[in-house]
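Residue-level structure breakdown
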Amino acid sequence: MRGWLSRKTERPTATDVGGDAHLALAKESLRDLLDDPRVPPQVRSHLAQDYAAVRQMLDKLEHGHVHIAAFGRVGVGKSSLLNALLGEPRFSASPLHGETREAGRAVWTTAGDGGVFLIDTPGIDEIGGEEREQAARDAADRADLLIFVVEGDMTGSELDVLGHMAGQGRPLLLVLNKSDRYSMAELEQLRRRLEERTRGLIASENIIPVAADPRAGRASDVEGLRSRLWSILESEGKTLAAMNASIFAGHLSEAVGRRVVEVRKQVADRVVRTYCVAKGVAVAFNPVPVADLAAAALVDAGMVVHLSRVYGLPLTRNEAGSLISVILTQMAALMGAVWAVHLLSSALKLGTGGASVLLTAGAQGAVAYYSTYVVGRAAERYFSLGKSWGDGGPRAVVAEILESVDRRSILKQAQQELGERLRGVRA
Ligand SMILES: Nc1nc2c(ncn2[C@@H]2O[C@H](COP(=O)(O)OP(=O)(O)OP(=O)(O)O)[C@@H](O)[C@H]2O)c(=O)[nH]1
Ligand SMILES: [Mg+2]
């Protein structure tokens, strides 16, 4: 027998090769996720948990482990069921609802050579148990084979959860526990009812009645489930883990991708703001003639280099300088060559919110702040499009930014922020 459980394979068959190819592919995609050099360190630290999850998954694959998780409503007998499979009380079971509080696992020694794990999860409908429910879902998401446990006809919310699980492409068994509470006739009826409700979601041979911990001193009966699990493991063990890893990697890289975008945006916004203030303060202390503001903006190269790293598309200082000239040229074209003078006069009209001695310096600083802000926003856009200005070119991007930022409120914000710092320094 080509046994994955017994690992007595003499020469690989077509299925085994398929399994290995799957496995290699899954490992590769997880490793790619982990090693992607485009993800900057700040983003990595924000996503530490997701990365830890991928590492665990890769570890599991490398060891050839298969995870089987029991999942279901509180008190249906998930822990009792796994204990019955294990042949010993490894998980705590109790008539009190909500006994299992976090996911736990145990090696199923009678199956295979130590690579099969049974995962117990908390009940999913405990009132106020959102955290436990999340823990259950996380565990189920990482499992290769799911056992959905019920103790009678299914409720609407059980069906919803089952539907969600069934849509994920992993093998799913529906186990009707506590069968000792029903007569043969009732059991047959219940089975038909479950078949009807889950038609299209679960094959009828995967609906299995058991009695994990029957009353009145009777012995547990989980043989039907045990033999079904063994036959799935034997025929598909290797592919199961690989397939699930691929699904997992796919979901995760999407999630990582989305979060990378979010986190980058946050980090980039902070970077721009920090440089705006730094630049504004520097100019306020060392006022330059307004005509030189554009030249002084070359100092913004530091910001652009920093931003380019946040987006994982590093630029040299020279390249950053050219990017800034492109932006400033568009700004001048759109606002008029004397844009800095216009801005300065608007800043002066705003006043400095009380620090009248600092009027001119503060206003110049605010103009510097504003120009750095626009340069930063435009550079962010350029990087977020993967070092491109998009179809409309730099003109369209800069025009949109100039339109979308409220000049007056940025100048005001600049004066406030700079005012605080200048007062702090001079007091
Ligand atoms: N009659 C009967 N009772 C059972 C059976 N299996 C489990 N029980 C009982 O059901 C109760 C709950 O069992 P658990 O295994 O703790 O249930 P659980 O799903 O793990 O519960 P939570 O961890 O709280 O979500 C216990 O009192 C068990 O003895 C069974 O086959 N028949
Ligand atoms: Mg439990």
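Described in the following lines is the structure provided in the data block. (Residues numbered from 1 in each chain as written. Chains lettered and ligands numbered in written order. Predicted model: local features only at pLDDT ≥ 70, side-chain atom pairs only at ≥ 80, totals over all residues. Heavy atoms only, no water.)

**Here's the deal with the packing of helix H10 (residues 301–310) against helix H11 (residues 317–335)**
For clarity, the cut-off: Throughout, an axis means a line fitted to C-alpha atoms (over the contacting stretch in the case of helices), and angles, computed between N-to-C directions, take values from 0 to 180 degrees. Secondary structure counts use DSSP, requiring at least four H or I residues in a row for a helix and at least two E residues in a row for a strand, with both numbered from the N terminus. Put simply, angles under 35 degrees are roughly parallel, angles over 145 are roughly antiparallel, angles from 65 to 115 are roughly perpendicular, and the rest are oblique. A contact between two residues is defined here by any heavy atoms of the two lying within 4.5 Å. Each residue is assigned to one of three groups, with Ala, Val, Leu, Ile, Met, Phe, Trp, Tyr, Cys and Pro labelled nonpolar, Asp, Glu, Lys and Arg labelled charged, and all others, Gly among them, labelled polar.
Running from N to C, H10 and H11 cross one another at 110 degrees; their axes reach a closest spacing of 9 Å. Judged by the angle between their axes, H10 and H11 are roughly perpendicular. Contact residues: Ala301, Gly302, Val304 and Val305 in H10; Arg317, Ala320, Leu323 and Ile324 in H11. Taken together, the residues of the contact of H10 with H11 break down into six nonpolar, one polar and one charged.

**Points about the site of ligand 1**
Basically, it comes down to this: Proximity criterion: a residue is near a molecule or strand once any of its heavy atoms comes within 4 Å of it. Here a polar contact means two N or O atoms within 3.5 Å. Within protein one must be a hydrogen donor candidate and the other an acceptor candidate, and residues neighboring in sequence count only if both atoms are side-chain atoms. Under the convention used here, a 1.4 Å probe and the Shrake-Rupley method define accessible areas, while residue burial counts only the protein chains that appear.
Near ligand 1 you find 24 residues, and of these Lys78, Ser80, Glu99, Thr100 and Asp213 are the closest. Within the side chain of serine 79, one N or O atom sits 2.9 Å away from an oxygen atom of ligand 1. Between ligand 1 and the protein, one listed contact pairs an oxygen atom with a side-chain N or O atom of threonine 100 at 2.7 Å. In isolation ligand 1 has 650 Å² of accessible area, and contact with the protein removes 95% of it. Its residues placed into classes, the shell around ligand 1 shows seven nonpolar, ten polar and seven charged.

**So, the coordination of the magnesium ion (ligand 2)**
Let me state the cut-off plainly: Any N, O or S atom lying within 2.8 Å of the metal counts as a donor, and for Na, K and Ca the limit rises to 3.2 Å; water is left out, so some sites can look incomplete. Relative accessibility decides the category of a residue: with a 1.4 Å probe and only protein chains considered, values under 20% of the type maximum give buried, values over 50% give exposed, and everything between is partly exposed.
For the magnesium ion (ligand 2), the full set of protein donor atoms is Ser79 (OG) and Thr100 (OG1), at a range of 1.9 to 2.1 Å. You can see serine 79 sitting in helix H4 (residues 78–86) and its partner threonine 100 sitting in the loop between H4 and strand E2 (104–107), a full 21 residues away along the chain. What makes serine 79 buried here is its relative accessible area of 8%.

**Section: the nonpolar core**
Defined as follows: Side-chain atoms within 4.5 Å link the members of a nonpolar core, which is a set of buried Ala, Val, Leu, Ile, Met, Phe, Trp, Tyr and Cys residues. Per the annotation, domain bounds derive from an automatic or database assignment of domains.
Judged by nonpolar contacts, the single largest core of 94 residues is most densely connected at Leu225 and Tyr370. Of all the elements, helix H8 (residues 223–285) adds the most residues to this core, at 17 residues. Each of domain 1 (14–255) and domain 2 (286–426) accounts for three or more of the residues forming this core. Once residues within four sequence positions are removed from consideration, tyrosine 370 is found in contact with Met331, Met335, Leu343, Leu402, Val405, Arg407, Ile410 and Leu411. Counting residues in each nonpolar core, the second largest holds 25 residues, with Ile119, Leu162, Leu174 and Ile207 among its members.

**Observations concerning the packing of aromatic side chains**
Condition: Pairing of aromatic side chains here covers Phe, Tyr and the six-membered ring of Trp, requires ring centres within 6.5 Å, and sorts the geometry by plane angle: under 30 degrees stacked, over 60 edge-to-face, intermediate tilted.
For the structure shown, the criterion picks out five aromatic pairs. With 6.1 Å between their ring centres and 55 degrees between their planes, tryptophan 108 and tryptophan 230 make a pair best called tilted. Of this pair, tryptophan 108 sits in the loop between E2 and strand E3 (116–120) while tryptophan 230 sits in helix H8, and the two are 122 residues apart along the sequence. A relative accessible area of 30% means that tryptophan 230 is categorised as partly exposed. Ring geometry for tyrosine 382 and tryptophan 389: centres 4.8 Å apart, planes at 40 degrees, overall tilted. Feature note: the residues Tyr311, Tyr382, Phe383 and Trp389 constitute an aromatic cluster, connected by ring pairs.

**Observations concerning unusual backbone geometry**
The backbone of lysine 178 sits at a positive phi, close to 65 degrees, despite the residue not being glycine. Looking at the element boundaries, lysine 178 is found in the loop between strand E5 (172–176) and helix H7 (184–197). Overall, lysine 178 belongs to the partly exposed group, its relative accessible area being 21%. You will see that lysine 387, though not glycine, has its phi angle at about 65 degrees, which is positive. Mapped onto the fold, lysine 387 is located in the loop between helix H13 (359–384) and helix H14 (393–404). A residue is classified by how much of its surface remains accessible, and lysine 387, at 36% relative accessible area, is partly exposed.

The values reported here are purely geometric and, on their own, carry no functional implication.
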